Amino acid sequence: MSARRTRTFLWIVGILIVLAVVAGLLGVQTARRSFPQADGTLEVAGLEHPVEVFRDGMGVPSIYAQTQHDLFFAQGFVQAQDRFWQMDVSRHIGAGRLAEMFGEGQVDTDLFLRTLGWARVAQQEWDAMDADLKEVLEAYAQGVNAYLAQRSGSALSLEYAVLGVINAGYEPEPWSPIHSITWGKVMAWDLGGNMTSEIALSILDRELPADVVALLYPPYPENHPIITEPSGDVARAVQSPVVPEDALPLLASLGSRIERTSGLLGEGLEGIGSNNWVIAGTRTTTGGPLLANDMHLGIQMPSVWYEMGLHCRPVSEACPLDVVGFTFPGVPAVVVGHNGAIAWGVTNGGPDVQDLYIEKLNPENPNQYEVNGQWVDMILVDEAIQVAGGDPVPLTVRYTRHGPIISDSYGPLKDVVEPTATPFRQRTALELPERYALALRWTALEPGRIIHALTALNRASDYESFRAALCDWTVPSQNFVYADLRGNIAYQYTGRIPIRASGDGRRPVPGWTDVYEWTGDIPCDAMPAAFNPEAGYVATANHAVVGADYRYPMPNEWDYGYRGARIVEMITAKPMLSVEDLQAIHADDYHAMGPIFVPLLTANEGWVTPNQAVAAGMLIGWDYQNRMDSAPAAVFNAFWRHLLLQLYANMGVPADYFPDQDRSFAVMEAMVGSDGWDCAPWCDGPGTPGIADRDAFLRLALAEAVLELESSLGKDPARWTWGALHTATFRNSTLGESGIAPIEALFNRGPYAAAGGSSIVNATGWDYAEGYELVSLPSERMIVNLANLPASLMVHTTGQSGHAYHPNYTDMIDAWRLIEYRPMVWTREQAESQAVGRLTLTP
């Protein structure tokens, strides 16, 4: 079916659905069929003993079980009650099987995901897994499948009613432990890659002068913090070889295809990252440590997180879990939270654990590649993409010693010329073309032990067992902060970090030589760490982990430290901090570029229209906070957007490779001289023809901003607020992105006004090339009070329920955007007193 016919068909489906909703045959009534039973008694085959499930008013369950088997069984059952559609889609993403659900439109995505081979790696991890951990995953899967045995079709979720119209034959298969393992690979992709950066640098090397590329990738600011050092320099990158010019079309094609796929997976979005910090009891008003965390991920519906408590009763060696926090639907155990002894939070560590290798292929046999002057056979794996309503699509995945050939997923390979010392344009026809392909080496494509680490972390009782658990945390690399009931605080960097024979991993490298091979990993006991640091706190925000003196090379994709610097500033501004102070840090909307540009704008003259003068006047006295109701924040961010678009256009940066806002902060600071910021020598250019100087350049950016504000919010400046521009729309990642408004209306919610912004502590990321709408956000917020665990706080973005129209589908949105919290239910007394649902699962 053609794309046009498919869209027409889906519009017809959408109209039918609207009619059905109006007729009362779908919508709320159908959705209610999928709402879970939360009260009474429910007989479930596979349990060993009765299990109690207390749900509070926000739908957060506290599960009490007598055995570890029953606890993980019940976790799988309860998560399936609330989020099975999300779990089903997640496992199809991880396995590269979306076309089975959604048809031919997902074939290209499946080709890429199947080439990566996450499910193949998950199977290898399962085969090597300890028997006791297999029991955990099997118990969880049994719980999910027990729920599937009781429900089907629209009784599972409203989405299946819609899917049944376009794919009537689809039925969810039983849950498998492999599905849980594979989801970890998806999150590693979301958080752990620099492949797109390698491609971008290679393209920019060709398009721009070296000094411009250097300005677009400035060094880490000297005045910004380093997590493990009070001060010091960050190691500078070692120059990698320049990619052969003739291989660049292949890289560009690969980059554009990855960008389209990443829209589904969340990788590469503006603002992906996190904040966390931990304060020693000597610096808190509670007398015990305080630990805070907020993880920044792509905006979606429902939330990526699911809150719950997992409690063995009694706690014993055979059933040791007593833990609460945030979980991933589809994965057993708690990812972030606290147990009865310790608490932990994470941010992305940002190491470079992906390398693109340019493989030289045998012209006479494309399934052979060169290694040190010898042709070596690739490993070939045959796959078939099953397509709903269509024929299977065959795929052969080719593996080199580095990993899968990922350029095969994007059409025929380009014929390119072997790199020589002769510039491409001066070569003769006698220099015969070679064929190249791109292979990906990535730590997540090699078996790891992340599930071992996660379950051991849930059981950890002190700093030593915490660190031991994290030695198995291979991907994605994370910054862990730690606190315990004994008053200790700590920091631990985790992940498998490769050591390269040479090069810095920033650009694709030749794969036909051993010069750029990985020679090992940084040992676990050498990973950056801190225990009870003298400063009395640790803060991480994806910024620099180690300085130049660290004993191992650490190629990285670290943030430039603007959020980190602001968090440290707020922590050190007071000798003692309260829970309310940590909430204020979560809520901080400070824009670090305000102090650079506002004085230049307010001192500027020559405004052409009254609203331009009004806009400049609004900035006088602004506190640089991006609050929802702030008019100056609306003016400044609109100005900032047009400033970046003007400047990068004048510099000749291809639009697809504009720096994100975090890097743009550093670029702008690097352009500050003795007379303040200056656009020279790029004041005049394609984006601002005829502009002679800095002041005129800034006036034009503000004039464009005012035109945009007048067009989108009206000509009355009294209506200009940041929240009116900067909004959050929570979209179902599949049917909610269909392009069919009636279908999307069933599942999507918004827009909602939001505060914050990119590279701001309240990190509500937006893409300045596209507009002001949120693309990423703090997906959860947590404050653990180690002096009084029942007083700990948490919230996430949308709600516990994945069922459209359920009361818990959207009931956390306002609390999330207003930086409010709910109790982190810990004790049995709390669970019972706050329960609005009491369900007993019986064998």
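So, how was this worked out
- Residues numbered from 1 in each chain as written.
- Predicted model: local features only at pLDDT ≥ 70, side-chain atom pairs only at ≥ 80, totals over all residues.
- Heavy atoms only, no water.
- Pairing = 2+ DSSP bridges.
- Helix = DSSP H or I, 4+ residues; strand = E, 2+ residues; numbered from the N terminus.
- Axes fitted to C-alpha atoms, helices over the stretch in contact; angles between N-to-C directions.
- Contact = heavy atoms within 4.5 Å.
- Core = buried A, V, L, I, M, F, W, Y, C linked by side-chain atoms within 4.5 Å.
- Buried < 20%, exposed > 50% of the residue type's maximum accessible area, 1.4 Å probe, protein only.
- 1 Å grid on protein atoms, 1.4 Å probe; cavity = no way out; pocket = protein on both sides within 12 Å on 5 of 7 lines; lining within 4 Å.
- Points joined across faces, edges and corners; volume = space filled by probe spheres on them.
- Expected span 1.5 Å × (residues − 1).
- Polar contact = N/O pair within 3.5 Å; in protein donor to acceptor, adjacent residues only side chain to side chain.

Participant: Before we move on, can you summarise the sheet that holds strand E6 (residues 306-312) with the specific residues and values?
Facilitator: Spatial ordering of the open sheet is given by E1-E33-E2-E3-E6-E7-E8-E9-E18-E19-E23, a layout of 11 strands whose pairing is mixed. This sheet does not close on itself; its edge strands, each paired only once, are strand E1 (40-43) and strand E23 (529-531). Between one strand axis and the next, the sheet turns through 15° on average, direction left out of account. By the bridge criterion, 4 bridges tie strand E7 (residues 322-327) to strand E8 (residues 336-339) in an arrangement that is antiparallel.

Participant: Pulling in residues and values, what's your account of the side chain of Arg 566?
Facilitator: With respect to the helices and strands, Arg 566 occurs in helix H15 (residues 562-572). With residues up to four places along the chain from it excluded, the contact list for Arg 566 reads Asp 588, Tyr 590, Gln 625 and Val 761.

Participant: If you had to explain the nonpolar core to someone new, which residues and values would you point to?
Facilitator: With 217 residues, the main nonpolar core has Phe 597 and Trp 677 as its most contacted residues. Other than its neighbours up to four places away in sequence, Phe 597 contacts Phe 636, Phe 639, Trp 640, Leu 643, Met 668, Trp 677 and Leu 698. Ile 279, Ala 292, Ala 539 and Leu 577 belong to the second-largest nonpolar core, a separate cluster that totals 19 residues.

Participant: Mind laying out the side chain of Asn 785, listing which residues take part and the relevant values?
Facilitator: On the secondary structure map, Asn 785 appears in strand E30 (residues 780-785). In contact with Asn 785, not counting residues within four places along its chain, are Thr 286, Pro 289, Leu 290, Val 579, Ala 791 and Ser 792.

Participant: Account for empty space enclosed by the protein, naming residues and giving values.
Facilitator: Counting across every chain of the model gives 9 cavities of 30 Å³ or more. What lines the largest cavity is a set of 25 residues, among which Met 187, Phe 328, Val 335, Trp 473 and Pro 476 lie closest to the centre.

Participant: Give me the sheet that holds strand E14 (residues 393-400): which residues, what numbers.
Facilitator: If you walk across this open sheet you meet the 3 strands as E13-E14-E15, and the pairing is antiparallel. The open sheet terminates on both sides in strands that have one partner only, identified here as strand E13 (379-385) and strand E15 (403-404). Where E14 meets E15, 2 bridges bridge the pair, whose relative direction is antiparallel. Its bridge partner being in E15, Tyr 399 is matched across the sheet by Pro 404.

Participant: Explain helix H21 (residues 694-713) to me, using residue names and the numbers behind them.
Facilitator: Its 20 residues give H21 an end-to-end C-alpha distance of 28 Å, which sits within 8% of 28 Å, the value for a rise of 1.5 Å per residue. Turning to H21, its buried residues are Arg 694, Ala 696, Phe 697, Leu 698, Ala 701, Leu 702, Ala 703, Ala 705, Val 706, Leu 709, Glu 710 and Leu 713. Contacts made by the buried residues of H21 are with helix H17 (594-602), helix H18 (610-618), helix H19 (631-651), strand E26 (676-677) and helix H22 (722-725). A side-chain oxygen of the first residue of H21 lies 3.4 Å from the backbone nitrogen of Asp 695; this N-cap is Asp 693. Within two residues after H21, Gly 714 carries a phi angle of roughly 105°, on the positive side.

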